[in-house]
Amino acid sequence: MTLQPRCEDVETAEGVALTVTGVAQVKIMTEKELLAVACEQFLGKNVQDVKNVVLQTLEGHLRSILGTLTVEQIYQDRDQFAKLVREVAAPDVGRMGIEILSFTIKDVYDKVDYLSSLGKTQTAAVQRDADIGVAEAERDAGIREAECKKEMMDVKFMADTKIADSRRAFELQKAAFSEEVNVKTAEAQLAYELQSAREQQKIRQEEIEIEVVQRKKQIDVEEKEIIRMEKELIATVKRPAEAEAYRIQQIAEGEKGVSPVKQVLIAQAEAEKIRKIGEAEAFVIEAIGMAEAERMKLKAEALQQYGEAAQLALVLDALPEIAAKVAAPLSKVDEIVILSGESSNTTSEVNRLLAEIPASVRAITGVDLTKIPLIQKATGAQA
């Protein structure tokens, strides 16, 4: 049999009126003794009468148990409440030969919105806890997100720093390489310019030497031209003047003892001879002087243009003549005896004399012969 016990407006332990409905499954016990008890209780009654008896028994126990519990105990733990009703009611219905197979609470409600208020409170608490949980979760998420961003920024900063360091190292290395290349290029350029300057200097030196030789040849030609002009003047002017004067003199001498007029003529002829000879000699001297002046001018220009090299060449050309002039008195000496207090020989004395020659030449001409490799070698060997 299925029974639906119902208790309306039953006050709980807190005085709150509740309405509780349940569902119970019961049956007649089949054991002989209990079946006899059931027959004794319900013999002659129909099924509905049996249901009413059992239902009232269950409702009575349900009502009595509601008065001992709180609303929260009834509402929140329905299984425990139903178990308690079943355990309390089972002995009573058992004495009537009825067995309770199951009993459950179907519904619990009230008319004063007590349960709904509990639900709202619980809902508000749950909502509050939910909001707090959401806020805490959002806070934790924000903190974690900030930490992740910080870690990301730290990693990015470290990466950027390493990139900047690598770029700086690259730029420094590149600058060092560029500096080294520029230094090597400058050194190569300087070496090239120095070598080019040396080659140009050698070429210029050779050109100067060639021009010195050309000037020397030109001076020799000028000197020979002077000698030729002198001989030509002597042949064309002086010799004819001397011949003419000699002829007049011979005529005058051939006519000795003649009249005073002839003597005057002889004197005039003699004067004309002297004048002609003087003019010829003056012309020769003038021509020689002009040629010598031109030769000296050319020499001066050569000395000024080619400097020390030309001066050295001229001095070297003049050395034989200077040596001849110096040694002229010695040509009359039959024997030379060298006296020396040291244990030396004639060779050392000669070397000493040779070593003094550059100083003497420099004192006379101003030219330093020690710059000549041959003289350097001779004086070095003497030293």
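What counts, and where the lines are drawn
- Residues numbered from 1 in each chain as written.
- Predicted model: local features only at pLDDT ≥ 70, side-chain atom pairs only at ≥ 80, totals over all residues.
- Heavy atoms only, no water.
- Helix = DSSP H or I, 4+ residues; strand = E, 2+ residues; numbered from the N terminus.
- Buried < 20%, exposed > 50% of the residue type's maximum accessible area, 1.4 Å probe, protein only.
- Contact = heavy atoms within 4.5 Å.
- Areas by Shrake-Rupley, 256 points an atom, 1.4 Å probe, with all protein chains shown as cover.
- Core = buried A, V, L, I, M, F, W, Y, C linked by side-chain atoms within 4.5 Å.
- Pairing = 2+ DSSP bridges.
- pLDDT = per-residue confidence, 0-100.
- Axes fitted to C-alpha atoms, helices over the stretch in contact; angles between N-to-C directions.
- Parallel < 35°, antiparallel > 145°, perpendicular 65-115°, else oblique.
- Left-handed = near helix turned anticlockwise from the far one by under 90°.
- Nonpolar A, V, L, I, M, F, W, Y, C, P; charged D, E, K, R; others polar.
- Expected span 1.5 Å × (residues − 1).
- Arc of directions from axis to C-beta.
- Polar contact = N/O pair within 3.5 Å; in protein donor to acceptor, adjacent residues only side chain to side chain.
- Salt bridge = Lys/Arg side-chain N within 4 Å of Asp/Glu carboxyl O.

Asker: Go over the overall build of the protein, please, and point to the residues and values.
Answerer: Along its length, the protein carries eight helices and four strands. For the protein, the sequential pattern of α-helices and β-strands runs β-β-β-α-α-α-α-β-α-α-α-α. When the 383 residues of the protein are sorted by exposure, 19% land in the buried category. For the protein, the share of sequence-separated contacts (at least 6 apart) that also reach a separation of at least 24 residues comes to 69%. Counting only carbon and sulfur atoms, one obtains 57% of the accessible surface of the protein, whose full area is about 27000 Å².

Asker: Requested: an account of the nonpolar core, with residues and values cited.
Answerer: Membership of the largest hydrophobic core comes to 30 residues, with the highest contact counts inside it found for Val54, Leu62, Leu66, Phe81, Ile98, Phe103 and Ile105. Among the secondary structure elements, those contributing two or more residues to this core are β2 (6-11), β3 (17-28), α2 (47-66), α3 (71-76), α4 (78-94) and β4 (98-109). Sort the elements by how many residues they give to this core and α2 lands first, with seven residues. Other than its neighbours up to four places away in sequence, Ile105 contacts Val20, Thr21, Gly22, Leu62, Arg78, Phe81 and Ala82.

Asker: An account of the pairing of β3 is requested, with residue identities and associated values reported.
Answerer: As paired elements, strand β1 (residues 2-3) and β3 share two bridges and run antiparallel to each other. Pairing of Thr2 across the sheet is with Gln25, part of β3. A loop of five residues connects β2 with β3, the two strands running antiparallel in sequence, and Gly15 in this loop sits at a positive phi of about 85°. Sheet topology places β3 next to β4; ten bridges connect them, and they run antiparallel. Across the sheet, the residue bridging to Val20 is Val108, located in β4.

Asker: Provide a residue-level description of the confidence of the model for the protein, including the pertinent values.
Answerer: In this model, the protein carries an average pLDDT of 76, and 68% of its residues clear a pLDDT of 70 or more. Element-level pLDDT for the protein is lowest in helix α8 (residues 373-382), with a mean of 55, against a maximum mean of 87 in β1.

Asker: Talk me through the packing of α2 against α4; I want residue IDs and the actual numbers.
Answerer: Interaxial distance between α2 and α4 falls to 9 Å at its minimum, and their mutual angle equals 130°. The pairing of α2 with α4 is recorded here as oblique in orientation. Where α2 crosses over α4, the handedness of that crossing is right-handed. In this structure, α2 uses Val54, Thr57, Leu58, His61, Leu62, Ile65 and Leu66 to contact α4, whose residues at the interface are Phe81, Leu84, Val85, Val88, Ala89, Asp92 and Val93. Across the contact of α2 with α4, the residue classes tally to eleven nonpolar, two polar and one charged.

Asker: Hey, could you go over the environment of Ala291 for me, with residue numbers and the actual values?
Answerer: Along the chain, the position of Ala291 falls in helix α6 (residues 260-327). Separated by 68 residues in sequence, Ala291 and Glu223 place their C-alpha atoms 7.7 Å apart.

Asker: With reference to specific residues and values, describe α2.
Answerer: Here α2 contains 20 residues, and its C-alpha end-to-end distance of 28 Å stays within 8% of the 28 Å for a straight helix at 1.5 Å per residue. For α2, the complete set of buried residues consists of Val50, Val54, Leu55, Thr57, Leu58, His61, Leu62, Ile65 and Leu66. For α2, the angular spread of the buried residues around the axis is 165°, confining them to a single face. Where α2 begins, the side chain of Asn46 points an oxygen toward the backbone nitrogen of Gln48, at a separation of 3.3 Å.

Asker: Pulling in residues and values, what's your account of the pattern of salt bridges?
Answerer: Per the counting criterion, the structure on display carries nine salt bridges. Of the charged contacts, one joins Asp154 and Lys150 as a salt bridge, the two residues approaching to 3.1 Å between their closest N and O atoms. Residue Asp154 and its partner Lys150 are both found in helix α5 (residues 114-254); the two are separated by four residues, about one turn of the helix. Residue classification places Asp154 among the partly exposed positions, given a relative accessible area of 34%. According to the relative accessible area criterion, Lys150 is exposed, its value standing at 54%. One salt bridge in this structure joins Asp160 and Lys156, with 3.0 Å as the shortest N-O distance. With Asp160 and Lys156 both in helix α5, this residue pair falls four residues apart, about one helical turn.

Asker: If you had to explain the side chain of Thr19 to someone new, which residues and values would you point to?
Answerer: Secondary-structure assignment places Thr19 in strand β3. Apart from residues no more than four positions distant in its own chain, Thr19 is found in contact with Arg6, Cys7, Glu8, Asp9, Asp107, Val108 and Tyr109.

Asker: Go over the pairing of β2 with me, naming the residues and quoting the values.
Answerer: Across four bridges, the pairing between β2 and β3 is antiparallel. Bridged to Cys7 within β3 is Val20.

Asker: So what's going on with the side chain of Thr21? Residues and values would help.
Answerer: Tracing the backbone through its elements, the reader meets Thr21 in strand β3. You can call Thr21 buried: its relative accessible area is 11%. Residues within four places of Thr21 in sequence aside, it is in contact with Pro5, Arg6, Ile105, Lys106 and Asp107.

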